[in-house]
Amino acid sequence: MARARSITLKAVSTGLWSLNQSRSGSLRNAQTVRALSTIMSPPSKAVVYEHHGPPDSVTRMVELSPVEVKENQVCVKMLAAPINPSDINRIEGVYPVRPQVPAVGGYEGVGEVYSVGSAVKGLSPGDLVIPSPPSSGTWQTYVVKDHDMWHKISKDSPIEYAGTITVNPLTALRMLEDFTTLSAGDSIVQNGATSIVGQCVIQLARYRGIHSINIIRDRAGSDEVKEKLKALGADEVFTESQLEVKNVKSLLSNIPEPALGLNCVGGNAASLVLKFLRQEGTMVTYGGMSKKPITVPTSSFIFKDLSLRGFWLQKWLGADKAKECRDMVDYLLRLAQEGKLKYEMELVPFDNFHTALDKALGKHGSQPKQVIQF
Ligand SMILES: NC(=O)c1ccc[n+]([C@@H]2O[C@H](COP(=O)([O-])OP(=O)(O)OC[C@H]3O[C@@H](n4cnc5c(N)ncnc54)[C@H](OP(=O)(O)O)[C@@H]3O)[C@@H](O)[C@H]2O)c1
């Protein structure tokens, strides 16, 4: 239905422009025609915040007025968008790069082209698109952005994967590529293995023949979680308490010591990653879910010469990587389409946004990634 409406809009607009040209003698007519040919978005239902603060108290659902779709712009009817930890950090005001308030929440997602400005080429109503690189304001029913901010993807892409493919899977891919040279038979160690990044690391590593050693939080049902991660390709999965032993490496079966460690959590979970690393290994920190600092024993530097690095996708994307980003997104989406990249998600209707937000904030214990469906 959305598609039919948008095509009509476009046809009306085009027709009026030809009318304009054929009666070019009359300025008045031309002005009337220009006014009539303006394409407007539909009104948009959006999650907005006017101040930074706790996301559950500063966000609210509002209806935004229609906006003009300018000649180089595209109006997209959103289909799905996740609630990521960084979205929460942006609303809290603790993320280093964030939109000015008042702002619409959300940073990645997927939608269907609804209408296009008169100068737009290569995108038509009905095309499936994602904002690429991701950008703010995806938690709303209609998003208008310049045409080059949208990346057209295969219409067969599963919506929930298309809407979540950039921030976390791309981070997993880059971290496996950018810090050490890994070959088949090598291993990596990571904490936060249940996160989307963690689940992608397991699968992308396995796909390259790389073993993964995974650390999860202690929680009820941890055996079931271990089985799920092993089904994705994890070689070893330990709870933090299982690693309270003198020599963690004695717990490994036939896996070589890892040269690369990925830290999503900080605190004790980061110390455990360090314990597994081999001589001259590297730990890359990309998240701080426990909000606890990383403590590094002096011996790790002196006797193991470990390196500590950081990864931030937003910085990586800023380094003129727009084309590379799109190529990798297409690659990851193909893997998802082929069933080679999976992760746990819960699709939630937009009207239940605040229930999903509470889950994403951890108010109900461990939960799958919350993905809003519009
Ligand atoms: N640096 C970058 O460029 C970049 C890019 C993408 C993501 N990230 C970061 O990567 C991390 C994971 O993101 P995601 O979207 O993949 O995660 P997610 O799917 O939303 O999952 C959240 C993860 O955090 C864990 N967790 C939640 N609260 C915790 C706590 N208090 N202590 C320890 N662990 C806790 C959860 O463990 P349970 O399963 O046990 O609940 C789960 O593994 C986030 O910190 C995010 O900001 C960074």
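Our structure is the block above this text.
Residues numbered from 1 in each chain as written. Predicted model: local features only at pLDDT ≥ 70, side-chain atom pairs only at ≥ 80, totals over all residues.

Engineer: Can you walk me through the overall build of the protein in this structure?
Structural biologist: Within the protein, the secondary structure is distributed over 13 helices and 18 strands. Here the C-alpha coordinates of the protein stretch approximately 85 × 40 × 35 Å along the principal axes. A buried classification covers 40% of the 374 residues belonging to the protein. Considering only intrachain contacts with a sequence separation of at least 6, the fraction spanning at least 24 residues in the protein is 70%. (Helix = DSSP H or I, 4+ residues; strand = E, 2+ residues; numbered from the N terminus. Buried ≥ 20, exposed ≤ 12 C-beta atoms within 10 Å, placed from the backbone. Contact = placed C-beta atoms within 7 Å.)

Engineer: What am I meant to see in the nonpolar core here?
Structural biologist: In terms of nonpolar packing, the biggest core is built from 85 residues, with Val76, Val201, Val273, Leu332 and Ile372 touching the most fellow members. Those residues in contact with isoleucine 372 that sit more than four places away from it in its chain are Ala80, Ala81, Ile83, Trp139, Val348, Phe350, Phe353 and Ala356. (Core = buried A, V, L, I, M, F, W, Y, C linked by C-beta atoms within 7 Å.)

Engineer: Quick question: what am I supposed to make of the packing of helix H6 (residues 167–178) against helix H12 (residues 322–337) here?
Structural biologist: A pair of packed helices is captured by two measures, namely the crossing angle of their axes and the spacing between those axes. Two numbers describe how H6 lies on H12: the axes approach to 10 Å, and their chain directions differ by 105°. Of the possible angle classes, the one that applies to H6 and H12 is roughly perpendicular. Residues Pro169, Leu170 and Leu173 of H6 form the contact with H12, whose participating residues are Cys325, Met328, Val329 and Leu332. (Axes fitted to C-alpha atoms, helices over the stretch in contact; angles between N-to-C directions. Parallel < 35°, antiparallel > 145°, perpendicular 65-115°, else oblique.)

Engineer: Hey, could you run me through the sheet that holds strand E15 (residues 282–285) in this one?
Structural biologist: Strand-to-strand pairing in sheets goes through backbone hydrogen bonds, with the strands running parallel or antiparallel. Here we have 6 strands laid out as an open sheet, ordered E13-E12-E11-E14-E15-E16, and parallel in their pairing. In the strand order of this sheet, the two ends are held by strand E13 (236–239) and strand E16 (307–310), each with one partner. Across the sheet, the mean angle from the axis of one strand to that of its neighbour is 20°, orientation sign disregarded. Where helix H7 (residues 196–207) meets the sheet, its contacts fall on strand E11 (187–190), strand E12 (211–216) and strand E14 (260–263), and the angle it forms with E12 comes to roughly 165°. (Pairing = 2+ DSSP bridges.)

Engineer: How should the site of the ligand be read in this particular structure?
Structural biologist: Around the ligand, a shell composed of 27 residues is seen, among which Thr194, Ser195, Gly287, Leu313 and Ser366 lie nearest. For the shell around the ligand, the elements supplying multiple residues, two or more each, are helix H4 (85–92), H6 and H7. Two domains each put at least three residues into the shell around the ligand: domain 2 (42–166 + 344–373) and domain 3 (180–310). (Near = placed C-beta within 6 Å. Domains from an automatic or database assignment.)

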